[in-house]
Amino acid sequence: MIMVTGANGQLASLTLQELAERHVPALGGTRSPAEGQRRLDFDDPTSLDLTGVSTLVLVSAGYAEDDQVITRHQAALDAAVRNGVSHVVYTSLAGDGDHLGFALAHRATEQLIKGSGIGWTVLRNGLYAELFGALLTWTADGVESAFGDGALAAVARADLAAAAAVVASNPTAHAGKTYDLVGEPITAVDIAESLGVAHRTIGLREYRAQLLADGTLLPFQPPMLASIASSVRHGFLRTTSPDLAQLLGRPLTDPLTVATDTAAAMRPDAS
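Definitions and cut-offs
Numbering of residues begins from 1 in every chain and follows the order in which that chain's sequence is written. Reporting in this predicted model follows two pLDDT cut-offs: at least 70 for local features of residues, and 80 or more for side-chain atom pairs to be given and counted; totals over whole chains, interfaces and linings ignore these cut-offs and use all residues. Think of the side-chain values as coming from all heavy atoms in the structure, minus any hydrogens and water. In this analysis, the protein atoms alone were mapped onto a 1 Å grid. Cavities are point sets where a 1.4 Å probe fits without being able to get out; pockets are open sets with protein on both sides within 12 Å along at least five of seven lines; lining residues have an atom within 4 Å of a point. Grid points are joined across faces, edges and corners, and a volume is the space filled by probe spheres set on the points. Put simply, DSSP H or I for four residues or longer makes a helix, DSSP E for two residues or longer makes a strand, and each gets a number counted from the N terminus. Basically, the charged four are Asp, Glu, Lys and Arg, the nonpolar ten are Ala, Val, Leu, Ile, Met, Phe, Trp, Tyr, Cys and Pro, and anything else, Gly included, counts as polar. Per-residue accessibility, obtained with a 1.4 Å probe over protein chains only, is compared with the maximum for each type, and a residue is labelled buried under 20%, exposed over 50%, and partly exposed between these values. Between N or O atoms, a polar contact is any pair within 3.5 Å; within protein, one atom must be a potential hydrogen donor and the other a potential acceptor, and residues adjacent in sequence are included only when both atoms are from side chains. Whether two residues are in contact is decided by their heavy atoms: any pair within 4.5 Å suffices.

For this particular structure, what's the right way to read the layout of surface pockets?
Rolled over the atoms, a probe with the dimensions of a water molecule shows which regions are left empty. Of the pockets and cavities examined, the largest pocket occupies roughly 1,300 Å³. Around the largest pocket, the lining comprises 47 residues; the ones closest to its centre are S60, A61, G62, Y63 and Y128. At five residues, helix 8 (residues 221–233) tops the list of elements feeding residues into the lining of the largest pocket. The residue inventory of the lining of the largest pocket, partitioned by class, reads 24 nonpolar, 17 polar and six charged. Roughly 250 Å³ of volume is contained in the second largest pocket. What lines the second largest pocket is a set of 13 residues, and nearest its centre among them are A134, L135, L136, T137 and D214. When residues of the lining of the second largest pocket are assigned to their parent elements, the largest contribution, three residues, is made by helix 7 (residues 204–212). For the lining of the second largest pocket, the residue count by class is 10 nonpolar, two polar and one charged.

So what exactly am I meant to see when it comes to the side chain of T121 here?
Its place among the elements puts T121 in strand 6 (residues 119–125). For T121, a relative accessible area of 0% gives the class buried. In terms of polar contacts, T121 uses its side chain to reach the backbone carbonyl oxygen of H174, at 2.8 Å. In this structure T121 touches H87, V88, V89, Y90, V167, P171, H174, A175, K177 and Y179, once residues within four positions along its chain are discounted.

Written out as structure tokens, the structure reads:
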């Protein structure tokens, strides 16, 4: 049986949907399970029951400091070893992402998985096109960002979910492989042009000040978001790869369309 962790999250829920459409039996695991799901709370190791699971799709339990994320992943892997899971598919971070402020937890988890004795596949996911669009800020004159004219090899979340389903459906064919799952490079200027508005570039100092003044962000998030802006701005996240299209056997979803639609939906006067 396949289990997908973080079942109520966007990537995991799409992965479960993809598996269902392929008529591949799969179970969702989450700390707040709905009917038909299994309770899994990475912060409560006693809840990690992977009995009957042969393939574990370990969706990164981010949104915390590195030590907490790594501890969560270690607990999941300990349960996988204890309960006889034969293969782990881990949703990691694209190879170009080593400059990002949240890369360490991903790379550490990759090492833990490879040392666990369990079969593995690492999906190094690029940054979502949805995120890129959402990080543009609407102003009276259009949109602004700290991305400058730097490009991001953005990828639609749905394509990453489809890739996870492909691998989980036949894990032995992908054993011991690391895939770099990125899209085609797009820029904030491209998104603004698609929206029919102007794009204004702000400095990283101004952007960080805005992030630090945002009371809705957790303490680890401003440096994380600033690292994304700096990496895009200076050309460190634009590398492409054929891996995703080859796994899917089809053209990728256009990241510019996805990013533009996300930004448009966030426009203050959007209905």
